[in-house]
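Below, each chain spelled out in residue letters.
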Amino acid sequence: MDLELTPEQQMIRDTAREFARREVLPQAAAIDRAHRFPRELVAKMGSLGLMGVAVPQTWEGAGMDTVSYVLALEEIARACASTAVIMSVNNSLVCGPLLAHGTDAQKRAWLPDVASGRKLGCFALSEPESGSDAGALRTVARRQGQAEAQAHEGGGWVLNGTKNFVTNGPVADLVVLLASTEPGAGAKGISAFLVDTRTPGVKFGPPDDKLGIRGAPSAQLFLTDAVVPADALLGAPGSGYKIALGALDGGRIGIAAQALGIARAAFEDATAYALERKTFGQPIARHQSIEFKLADMCTEIDAARLMIWRAAVKKDQAGRYTTEAAMAKLLASEVANRAAKEAVQVFGGYGYLTDFPVERHFRDAKITEIYEGTSEIQRLVIARNLLAL
């Protein structure tokens, strides 16, 4: 793997870094404190090409590769984890499956607006009684009967069910939704749908009150006899499970990059504080107990970045990258949590106060070990691929 970035990759990294430093970071604490969706930042990210990094320019994306995507996402996450996960979901879980499996008509209808940030997407898989066990989902899509079809001017699908933890949901325009079209068939009976959030019968509950990533609203999604047209089906009937797994593979690379940005934020804030704070006549950075923490944080962050780049390169090569994505997500999320924990320790009592950013990094880091597959699920994926089970 070539570790030299291309001029184009350096450009998007530097563009994202400057935008994050100038516009995102100054608002990060306030976004977290107020649980505020950063609408104006999302719009600006869209204009910079950051909401559809790997989408071809034909569809109003940036036309870049996955390496460019993770470079940009790390920079945004270093400034604000909430803003980064909004970007990650839109890129990985909405633009990704739409680009890979959408018809030309579906792409024309949605992709330019979503990739440019004029509209926002979300992904609905988890349910109250099924998360990682996607084959057990209970949301059902059935074909309209003749009378229903006449009433709604054409045949389509009727959706009923409840989804949990839908990130971006309360502010989204489009849902990539998984539902059973053949109950009893398990994973083979799951299909994917493109659902306009304005559809009658589609309703989001109140935003979740979360530990971290408070600026990225998530909520339950309720579907009550929601009728979508026949062309809302994404891919073939019964292909939804494979579509979801493919989206999650890409999504795990994105969450790994988000975790990396959080880890870097914790490390950089802790380093700056350690050089400034003095005890016993010298900066605490000169004490071996602090030096070792910073050395470990720096080493683990570099290792996680290399694994993320490897997974991104594998994805760009259009080969199978499930294991690499799971490894990157597992390592980066755990590195983020260790780095955030140690950063709080470096700050001492000040690290426990909301006046300083490391308590926010500590809260934001935890979710990276949970969503888009817990650390336990990542280990299961890695082991099963390793052992060919």
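A brief look at the structure comes next. (Residues numbered from 1 in each chain as written. Predicted model: local features only at pLDDT ≥ 70, side-chain atom pairs only at ≥ 80, totals over all residues. Heavy atoms only, no water.)

1. Description of the pairing of strand S1 (residues 121–124)
Put simply, side chains in a regular strand alternate between the two faces of the sheet.
Then step 1. Side-chain alternation along S1 places Gly 121 and Phe 123 on one buried face and Cys 122 and Ala 124 on a second face that is also buried.
Then step 2. Examined bridge by bridge, S1 and strand S4 (residues 174–180) share 4 bridges and lie parallel to one another. Counterpart to Cys 122 in the pairing with S4 is Val 175. (Buried < 20%, exposed > 50% of the residue type's maximum accessible area, 1.4 Å probe, protein only. Helix = DSSP H or I, 4+ residues; strand = E, 2+ residues; numbered from the N terminus. Pairing = 2+ DSSP bridges.)

2. Observations concerning the packing of aromatic side chains
Then step 1. Taken as a whole and assessed by the stated rule, the structure comprises 4 aromatic pairs.
Then step 2. Ring centres 5.4 Å apart and planes at 55° place the aromatic pair Tyr 350 and Phe 356 in the tilted group.
Then step 3. For Tyr 350, a relative accessible area of 39% puts it in the partly exposed group.
Then step 4. Relative accessible area serves as the criterion here: at 27%, Phe 356 is assigned to the partly exposed category. (Phe/Tyr/Trp six-rings, centres within 6.5 Å; stacked < 30°, edge-to-face > 60°.)

3. Side note on empty space enclosed by the protein
Then step 1. Under the criterion given, the structure shown has 1 cavity of 30 Å³ or more.
Then step 2. In this structure, the largest cavity occupies an estimated 40 Å³ of space.
Then step 3. Forming the boundary of the largest cavity are Ala 77, Arg 78, Ala 79, Cys 80, Ala 81, Ile 262, Ala 265, Arg 360, His 361 and Asp 364.
Then step 4. Counting residues per element, the ones that place at least two in the lining of the largest cavity are helix H3 (66–79), helix H7 (240–276) and helix H10 (358–366). (1 Å grid on protein atoms, 1.4 Å probe; cavity = no way out; pocket = protein on both sides within 12 Å on 5 of 7 lines; lining within 4 Å. Points joined across faces, edges and corners; volume = space filled by probe spheres on them.)

4. Side note on the packing of helix H1 (residues 7–34) against H3
Then step 1. Interhelical geometry of H1 versus H3 gives an angle of 20° and a closest axis separation of 7 Å. Classed by the angle they form, the pair H1 and H3 counts as roughly parallel. In the crossing of H1 with H3, the sense of the turn from one axis to the other is right-handed. Contacts between H1 and H3 involve Gln 9, Ile 12, Arg 13, Ala 16, Arg 17, Phe 19, Ala 20, Val 24, Leu 25 and Ala 28 from the former and Val 67, Ser 68, Leu 71, Ala 72, Glu 75, Ile 76, Arg 78 and Ala 79 from the latter.
Then step 2. Here the residues of the contact of H1 with H3 sort into 12 nonpolar, 2 polar and 4 charged. (Axes fitted to C-alpha atoms, helices over the stretch in contact; angles between N-to-C directions. Parallel < 35°, antiparallel > 145°, perpendicular 65-115°, else oblique. Left-handed = near helix turned anticlockwise from the far one by under 90°. Contact = heavy atoms within 4.5 Å. Nonpolar A, V, L, I, M, F, W, Y, C, P; charged D, E, K, R; others polar.)

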